[in-house]
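Each chain, letter by letter, is given below.
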Amino acid sequence: MSSVHIATERFDVPVEGTSLKVSALLVRPPSPRFGYVMAHGAGAGMEQPFLEKLARRFAASGVASFRYQFPYMQEGRRRPDPQHLLESTVRSVVRRAETAFAGVPLFAGGKS
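Conventions and cut-offs
Residues numbered from 1 in each chain as written. Predicted model: local features only at pLDDT ≥ 70, side-chain atom pairs only at ≥ 80, totals over all residues. Heavy atoms only, no water. Phe/Tyr/Trp six-rings, centres within 6.5 Å; stacked < 30°, edge-to-face > 60°. Helix = DSSP H or I, 4+ residues; strand = E, 2+ residues; numbered from the N terminus. Salt bridge = Lys/Arg side-chain N within 4 Å of Asp/Glu carboxyl O. Buried < 20%, exposed > 50% of the residue type's maximum accessible area, 1.4 Å probe, protein only.

### Examining the packing of aromatic side chains
Step number 1: According to the stated counting rule, one finds 6 aromatic pairs in the structure shown.
Step number 2: Centre to centre, the rings of Tyr-36 and Phe-58 are 5.6 Å apart; their planes meet at 90°, and the pair counts as edge-to-face. Here Tyr-36 is found in strand β3 (residues 34-39), whereas its partner Phe-58 is found in helix α1 (residues 49-60), with 22 residues between them in sequence.
Step number 3: Each ring, one from Phe-66 and one from Phe-101, has its centre 6.3 Å from the other, and the planes form 75°; the classification is edge-to-face. Of this pair, Phe-66 sits in strand β4 (residues 63-68) while Phe-101 sits in helix α3 (residues 83-101), and the two are 35 residues apart along the sequence.

Rendered as structure tokens:
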């Protein structure tokens, strides 16, 4: 049985309209069919075991994923950011993912 190389890359993504940056992880199989931008839930960040396992399963099925932190999680705070900052973060991350996925169809969602 041959093994498939799954690349993992870390990024810092500037959040538009702020001086903030958030961390992101790209998990990319060779020749992905599409990409999925995946937000974490309110209680745990992008590196929680469930999201890591999900990203690996996606990659094994030919789907790249781009997980990211929201600023409050990046800074270790418990309370979610105001809506305008959450939305700005999502817009910024999706724009960065569009570049990372280069021509691959893109979907966005998350875990709650």
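### Describing the pattern of salt bridges
Step number 1: On inspection of all chains with the given rule, the structure shows 8 salt bridges.
Step number 2: Of the charged contacts in the structure, one is a salt bridge between Arg-95 and Glu-16, with a shortest N-O distance of 2.2 Å. Of the two residues, Arg-95 is situated in helix α3 and Glu-16 in the loop between β1 (7-14) and β2 (21-28); the sequence distance between them amounts to 79 residues.
Step number 3: The partner of Glu-52 in a salt bridge is Arg-56, and the shortest N-O contact between them spans 3.0 Å. With Glu-52 and Arg-56 both in helix α1 and 4 residues apart, this pair spans about one turn of that helix.
Step number 4: Owing to a relative accessible area of 27%, Glu-52 belongs among the partly exposed residues under this scheme.
Step number 5: Connected through shared salt-bridge partners, Glu-16, Arg-91 and Arg-95 make up one network.

No statement about biological role is implied by the geometric values presented.
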